[in-house]
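Residue-level structure breakdown
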Amino acid sequence: MRLTPATTALLWAIGIGFLLQQVLSPELMHYFMLWPLGEYPAGFAADGSPISVGFLPWQIVSYGFLHGSFGHLFFNGLALFMFGSSLEQTWGRNRFLTYYFTCVAGAGLIQLIVVTSGITGQGIYPTIGASGGVFGLLLAYGMLFPNRQVMLLIPPIPMKARTFVIVFGAIELLLGVFNTQSGIAHFAHLGGMLFGWLMIRYWRGQPPFRPRGPRLVR
């Protein structure tokens, strides 16, 4: 499939973000991760003074351009590659980017609430990764192209996109509720899907929203 411009730009952006993590000071990069409300120790300055970081407004988007490992980056980039161009061709660049960043910010908002409240029992930690936006794309792909075949990587099983979305959504919900796989932001993934679903319902003029403006063709 031909890569579309906005999808290509997003792939470059998360790649450059990961590269900057490798070459810039970790203390500096802490300011771009998504921290819970409050102030928390994040390292020490060059003069030895402690650095405290808490939530800052731009983190609700900037966290989506950082990743914890190459594997984390690879799988998010692969999903963006697989689903992004089809959605961008259907919606157009501006609507696609609006949707993607709504999912990233929505996922960040849910994660901010969850981590600040401490209900996960995992303590205080920053969040990074494009997974919230990626899960939003996954949901949109399943809604717009429900009968297209999607191939899992592990295990390599083909399934319809709609089934793929339902399975992954259920897994994330179970993992989030039962607090398994510590360090993975399951509620952020669900938040990306939730805000993506709401955005599509809004565009279509479906409940809980009133009909307004141009409708989606799909």
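The structure contained in this document is the topic of the report that follows.

1. Focus on the overall build of the chain
Along the backbone of the chain there are 8 helices and 4 strands. Each helix (α) and strand (β) of the chain, taken in turn from the N terminus, gives the series α-α-β-β-α-α-α-α-β-β-α-α. Among the 218 residues that make up the chain, the fraction classed as buried is 44%. Once local pairs closer than 6 in sequence are excluded, the contacts in the chain between residues at least 24 apart make up 67%. Here the chain has roughly 11200 Å² of accessible surface; of this, 69% comes from carbon and sulfur atoms.

2. Some details on a nonpolar patch on the surface
Side chains of W12, I16, L19, L20, V23, L24, L28, F32 and W58 sit close together on the surface and give an oily, nonpolar patch of about 900 Å² of accessible area. No other element matches the 5 residues that helix α1 (residues 5–23) contributes to the nonpolar patch. Considering the arrangement of structural elements, one finds W58 in the loop between β2 (50–54) and α3 (59–62).

3. Some words on the packing of α1 against helix α5 (residues 93–117)
At a minimum axis separation of 9 Å, α1 and α5 run at an interaxial angle of 40 degrees. Comparing their axes, α5 and α1 come out oblique. Counting all contacts with α1, which are made through A6, T7 and L10, the residues of α5 involved are R93, F96, L97, Y100 and F101. In the contact of α1 with α5, the residues fall into 6 nonpolar, 1 polar and 1 charged.

4. Some words on the packing of α1 against helix α4 (residues 70–91)
The N-to-C vectors of α1 and α4 enclose an angle of 170 degrees; their axes lie 8 Å apart at closest approach. What the angle tells us is that α1 and α4 run roughly antiparallel. Along the contact surface, α1 presents P5, A6, T7, L10, L11, I14, G15 and F18, while α4 presents F70, L73, G77, L80, F81, G84, S85 and E88. Looking at the contact of α1 with α4 residue by residue, the classes come out as 10 nonpolar, 5 polar and 1 charged.

5. As for the nonpolar core
If you look at soluble globular proteins, the nonpolar side chains tend to sit buried side by side. Membership of the largest hydrophobic core comes to 39 residues, with the highest contact counts inside it found for F83, L87, W91, F96, Y99, Y100 and L137. Put simply, the parts of the chain that give this core at least two residues each are α1, α4, α5, α6 (131–144), α7 (161–177) and α8 (186–204).

6. Section: α4
If you check α4, its first and last C-alpha atoms are 30 Å apart, about what 22 residues at 1.5 Å a residue would give, namely 32 Å. Taken as a whole, α4 has its buried residues at L73, N76, G77, A79, L80, F83, G84, S85, S86, L87, E88 and W91. Following α4 by one or two positions, G92 adopts a phi angle in the positive range, close to 95 degrees.

Definitions and cut-offs
Residues numbered from 1 in each chain as written. Predicted model: local features only at pLDDT ≥ 70, side-chain atom pairs only at ≥ 80, totals over all residues. Heavy atoms only, no water. Helix = DSSP H or I, 4+ residues; strand = E, 2+ residues; numbered from the N terminus. Buried < 20%, exposed > 50% of the residue type's maximum accessible area, 1.4 Å probe, protein only. Contact = heavy atoms within 4.5 Å. Areas by Shrake-Rupley, 256 points an atom, 1.4 Å probe, with all protein chains shown as cover. Patch = residues over 30% accessible without salt bridge, like charges linked within 9 Å, V, L, I, M, F, W, Y side chains within 5 Å. Salt bridge = Lys/Arg side-chain N within 4 Å of Asp/Glu carboxyl O. Axes fitted to C-alpha atoms, helices over the stretch in contact; angles between N-to-C directions. Parallel < 35°, antiparallel > 145°, perpendicular 65-115°, else oblique. Nonpolar A, V, L, I, M, F, W, Y, C, P; charged D, E, K, R; others polar. Core = buried A, V, L, I, M, F, W, Y, C linked by side-chain atoms within 4.5 Å. Expected span 1.5 Å × (residues − 1).

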